Amino acid sequence: MSARLTSPSRRIAAIGAVVALVVALVATGIAIGKNTGGSGKREPAAGASGNDAGNTGPSAAERQKAYAQLEKASVRRTGDDPLAVGKADAPVVLVEYADYQCSYCGKFTRDSQPELIKKYVDEGTLRIEFRNFPIFGKDSERAARASWAAGQQGRFWQFHDEIYAKTRKGDALAEDKLVGMAKDSGVGDLDRFRADLNGSASEAAVKKDQEEGYSIGVQSTPTFLVNGQPIAGAQPMSAFDEAIAQAKAAKKSEK
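In this text, all values refer to a predicted model and were calculated from it rather than measured experimentally. (Residues numbered from 1 in each chain as written. Predicted model: local features only at pLDDT ≥ 70, side-chain atom pairs only at ≥ 80, totals over all residues. Heavy atoms only, no water.)

## Examining the layout of surface pockets
And step 1. Taken as a whole, the second largest pocket encloses approximately 250 Å³ of empty space.
And step 2. Contributing to the lining of the second largest pocket are 15 residues, with Arg76, Asp81, Trp148, Ala205 and Asp209 lying nearest its centre.
And step 3. For the lining of the second largest pocket, the elements supplying multiple residues, two or more each, are β3 (126–132) and α8 (200–215).
And step 4. Per-element accounting of the lining of the second largest pocket gives the leading share, 6 residues, to α8.
And step 5. Across the lining of the second largest pocket, the residue classes break down as 8 nonpolar, 2 polar and 5 charged. (1 Å grid on protein atoms, 1.4 Å probe; cavity = no way out; pocket = protein on both sides within 12 Å on 5 of 7 lines; lining within 4 Å. Points joined across faces, edges and corners; volume = space filled by probe spheres on them. Helix = DSSP H or I, 4+ residues; strand = E, 2+ residues; numbered from the N terminus. Nonpolar A, V, L, I, M, F, W, Y, C, P; charged D, E, K, R; others polar.)

Written as C-alpha cells, this is what we have:
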C-alpha cells in the first residue's frame, strides 16, 4: 500500500512550522524518519538531508542541542494522558508516531513494546507517549479516532494492542470491526465508543497529533523520538536500549 502524500496546504504549513528547527536539524544532518525499515515514507521536509560526502558530521553538542529542541516540540508529559504509559516525570520519554495499517508499527507493538515496558517503564526510567499519525487514508484515520475513543474509557492500550495483534488493512478497520475490537478490549460503553469515534473531539485529537509530527518533519511510520533523538522504522531492541541509556545519561548530566 502506497503512502498518502501530505496535501499541499499541509506541506506548506509543515514547512512554516519546522523553520524554527531547520537550523539545528539541517546543520547537524539530522532528518527524521529517513532510516529504512518503515512504512509510508514521504518527501523530506524542506532542507532536510543526510550528511553530504565529505561532511564530518555533527558534533555531540550539536546533536544534543537538536535533540533538546525536538524533545521540547514533541514531549507532553500530561499526567492524565490515556495514550501514554509511565510516570509523567520519567527521565526518558519515547514518543511514537504510528499508523494502524503500518505493519512495522505492529511489529514494534508486538515485539519491542512489551520489553520496553517491562525493562524501563515499570521501573520508572521510561514513559511512552503514542501519537496517531495516519498516512494511509480514511481507514487509518478511522482506526486512529477509534483508539482515541477507547482511551476515553481507559482502554487505549488494550485496544491498541488488539488492533496490532495482526496486520489489519482496509475493511478490517471498518467501523463495525473496530467496535468488535473495542468490545474484545474491554470497552464498556460501545454506544459512547461509536459516538466518540465519529465525534469532533476525536477528529481534533488525531489532527493535533498529525500536525505535531508534520511540524517536526516526521516522514514515515513508525518514527520514534527518545528525548528528541530520532529512531525511524523497525529497529532492533538494541537501538532503543542505546538511545534510552544516552538520554538518561544526558538528563543526569543536566542536574
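## Focus on unusual backbone geometry
And step 1. Here the amide bond leading from Thr221 into Pro222 is cis, since omega sits at -10 degrees, within 30 degrees of zero.
And step 2. Summarising the element assignment, Pro222 is placed in the loop between α8 and β4 (223–226).
And step 3. The phi torsion at Arg77 lies on the positive side, around 60 degrees, for a residue other than glycine.
And step 4. Within the fold, Arg77 resides in the loop between α2 (60–74) and β1 (84–85).
And step 5. Arg77 gets classed as partly exposed once you look at its relative accessible area, which sits at 27%. (Buried < 20%, exposed > 50% of the residue type's maximum accessible area, 1.4 Å probe, protein only.)

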